[in-house]
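# Close look at the chain arrangement
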Amino acid sequence: GENVEQHPSTLSVQEGDSAVIKCTYSDSASNYFPWYKQELGKRPQLIIDIRSNVGEKKDQRIAVTLNKTAKHFSLHITETQPEDSAVYFCAASSPTQGAQKLVFGQGTRLTINP
Amino acid sequence: GAGVSQSPSNKVTEKGKDVELRCDPISGHTALYWYRQRLGQGLEFLIYFQGNSAPDKSGLPSDRFSAERTGESVSTLTIQRTQQEDSAVYLCASSPRGVPTYEQYFGPGTRLTVT
């Protein structure tokens, strides 16, 4: 089955700097890669996703890149702000029996220092 | 509109008791997922439903865990003879349809504590 590894487990950056979180996956059939943000005590919320027919996607300060050959994808946050502090999870999925079963990484705790 | 809701929000139970956790998906969402999140850990897939059938039960940790879904509506996750290692937040998510719509919308979770 699919296995997703996420690094680093913790990341601390100065406000205004960039943050990069990386994930690798094992199943070459995976075709959907979402990123979720989870603030303390709250539910995970989708912040950006990418599908396997695209190499890069950007939404304001957030971007995701995908390298299908190497089976890795990354989240890039530019001009970080204190409200970006949270735990970020990557996930990988392939369609199976009419649904998307997500396999999550272990998470990265991002701290933005003012 | 209303998002995914779960009840109870918190549940404290004694070891050996049975518990039922409820999930109400967004109306019209055909796919429903259950995940477990232990403290400081990632989300662990348990089971998903497409309508009221469960094609993939591979994530259920043991036969003490079971789940049902009524039509394309509410789902119940049951844990029998709870153990301390069952303590976690149980998250439910739903999506409009399996494929090609991919986004899963999460509920607030049920925090289960087994004493």
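Residues numbered from 1 in each chain as written. Chains lettered and ligands numbered in written order. Predicted model: local features only at pLDDT ≥ 70, side-chain atom pairs only at ≥ 80, totals over all residues. Heavy atoms only, no water.

## Quick word on the pattern of salt bridges
Residue and element names in this part refer to chain B. Threshold: Counted as salt bridges are all cases of a side-chain nitrogen of Lys or Arg within 4 Å of a carboxyl oxygen of Asp or Glu. Note on classification: 1.4 Å probe, protein chains only; a residue is buried when its accessible area is under 20% of the maximum for its type, exposed when over 50%, partly exposed between these limits.
For the structure shown, the criterion picks out six salt bridges over all chains. One salt bridge in this structure joins arginine 22 and aspartate 24, with 2.8 Å as the shortest N-O distance. Judged by its relative accessible area of 23%, aspartate 24 is partly exposed. The salt bridge involving glutamate 44 is made with arginine 36; its shortest N-O contact spans 3.1 Å.

## Some thoughts on the packing of aromatic side chains
Residues and elements named next belong to chain B. Counted only if it meets this: Two rings from Phe, Tyr or Trp (for Trp, the six-membered ring) form a pair when their centres sit within 6.5 Å of each other. Planes less than 30 degrees apart are called stacked, planes more than 60 degrees apart edge-to-face, and all others tilted. What counts as a helix is a DSSP run of H or I of at least four residues, what counts as a strand is a run of E of at least two, and both are numbered from the N terminus.
For the structure on display, the rule yields 14 aromatic pairs over all chains. Taking the centre distance of 5.6 Å and the plane angle of 40° together, the rings of tyrosine 35 and phenylalanine 106 count as tilted. Remark: phenylalanine 106 occurs in strand β10 (residues 105-106) and tyrosine 35 occurs in strand β4 (residues 31-37); sequence separation between them is 71 residues. The residues tyrosine 35 and phenylalanine 106 share a single accessibility class, namely buried. A centroid spacing of 6.3 Å and a plane angle of 50° characterise the contact between phenylalanine 45 and tyrosine 48, whose relative ring orientation is tilted. Of the two residues, phenylalanine 45 and tyrosine 48, both sit in the buried class.

## A few points about the side chain of A:Gln38
Here is the rule we go by: Whenever two N or O atoms come within 3.5 Å, that pair is a polar contact, provided that in protein one can donate a hydrogen and the other can accept it, and provided that, for residues adjacent in sequence, both atoms are side-chain atoms. Residues count as neighbours in contact if any of their non-hydrogen atoms are within 4.5 Å of one another.
Tracing the sequence through the fold places A:Gln38 in strand β4 (residues 32-38). Given the relative accessible area of 11%, A:Gln38 is considered buried. Of note is the side chain of A:Gln38, whose polar atom sits 3.0 Å from the backbone oxygen of A:Lys42. Within the structure, A:Gln38 has its side chain in polar contact with the side chain of B:Gln37 (distance 2.9 Å). When sequence neighbours within four positions are dropped, the list of residues in contact with A:Gln38 reads A:Arg43, A:Pro44, A:Ala86, A:Val87, A:Phe89 and B:Gln37.

## Overview of the side chain of B:Thr13
By the secondary structure assignment, B:Thr13 is in strand β2 (residues 10-13). When near neighbours in sequence (up to four residues on either side) are disregarded, B:Thr13 contacts B:Val19, B:Thr82, B:Leu112, B:Thr113, B:Val114 and B:Thr115.

## Some points on the nonpolar core
One recurring pattern in soluble globular proteins is that nonpolar side chains are buried together. Put simply, the test is: The criterion is simple. A nonpolar core is a set of buried Ala, Val, Leu, Ile, Met, Phe, Trp, Tyr and Cys residues joined through side-chain atoms within 4.5 Å.
Core analysis: the biggest nonpolar cluster contains 23 residues, and A:Trp35, A:Phe73, A:Leu75 and A:Leu110 have the highest contact counts within it. At the level of elements, β2 (10-14), β3 (19-25), β4, β5 (45-51), β7 (62-67), β8 (72-77), β9 (86-96) and β11 (108-113) of chain A are the ones that each hand at least two residues to this core. Counting residues in each nonpolar core, the second largest holds 20 residues, with B:Cys23, B:Leu46, B:Phe65 and B:Ala88 among its members.

## Here's the deal with the sheet that holds β7(A)
Within a sheet, each strand pairs with its neighbour through backbone hydrogen bonds, oriented either parallel or antiparallel. Residue and element names in this part refer to chain A. Spelled out, the test is: Only strands joined by at least two bridges in the DSSP assignment are considered to pair. To obtain an axis, a line is fitted to C-alpha atoms, over the contacting stretch when the element is a helix, and the angle between two such axes runs from 0 to 180 degrees between their N-to-C directions.
Taking strand neighbours across the sheet as the criterion, the five strands line up as β1-β3-β8-β7-β6 in an open arrangement whose pairing is antiparallel. On the outer flanks of this sheet lie β1 (4-7) and β6 (56-59), each paired with one strand and no other. Each strand axis lies, on average, 15° off the axis of its neighbour in the sheet, ignoring direction. Sheet analysis places β1 next to β3, joined by four bridges and oriented antiparallel. Pairing of valine 4 across the sheet is with tyrosine 25, part of β3.

## Focus on the confidence of the model for chain B
Rules: On a range of 0 to 100, pLDDT expresses the predictor's confidence in each residue.
Taken over all residues, the pLDDT of chain B has a mean of 90, while the share at 70 or more is 95%. When the elements of chain B are averaged for pLDDT, strand β6 (residues 53-56) of chain B gives the smallest value, 81, and strand β3 (residues 19-24) of chain B the largest, 98.

## Structural notes on the pairing of strand β9 (residues 88-95) of chain B
Residue and element names in this part refer to chain B. Of all the eight residues making up β9, eight are buried; the element is thus mostly covered by neighbouring parts of the structure. Side-chain alternation along β9 places Ala88, Tyr90, Cys92 and Ser94 on one buried face and Val89, Leu91, Ala93 and Ser95 on a second face that is also buried. Bridge count between β4 and β9: seven bridges; the pairing is antiparallel. Within β9, the position partnered with arginine 36 by the bridge is tyrosine 90. Judged from the two bridges that link them, β9 and β10 form a sheet pairing that is antiparallel.

## Some words on the sheet that holds strand β8 (residues 75-79) of chain B
All names here are of chain B. Read across the sheet, four strands follow the order β1-β3-β8-β7 without closing on themselves; strand pairing throughout is antiparallel. Pairing within the sheet leaves two strands with one partner each, and these edge strands are β1 (5-7) and β7 (65-69). With strand direction ignored, the average angle separating the axes of adjacent strands in the sheet is 15°. As defined by bridge partners, β3 adjoins β8 across five bridges and the pair is classed as antiparallel. Across the sheet, the residue bridging to arginine 22 is threonine 76, located in β8.

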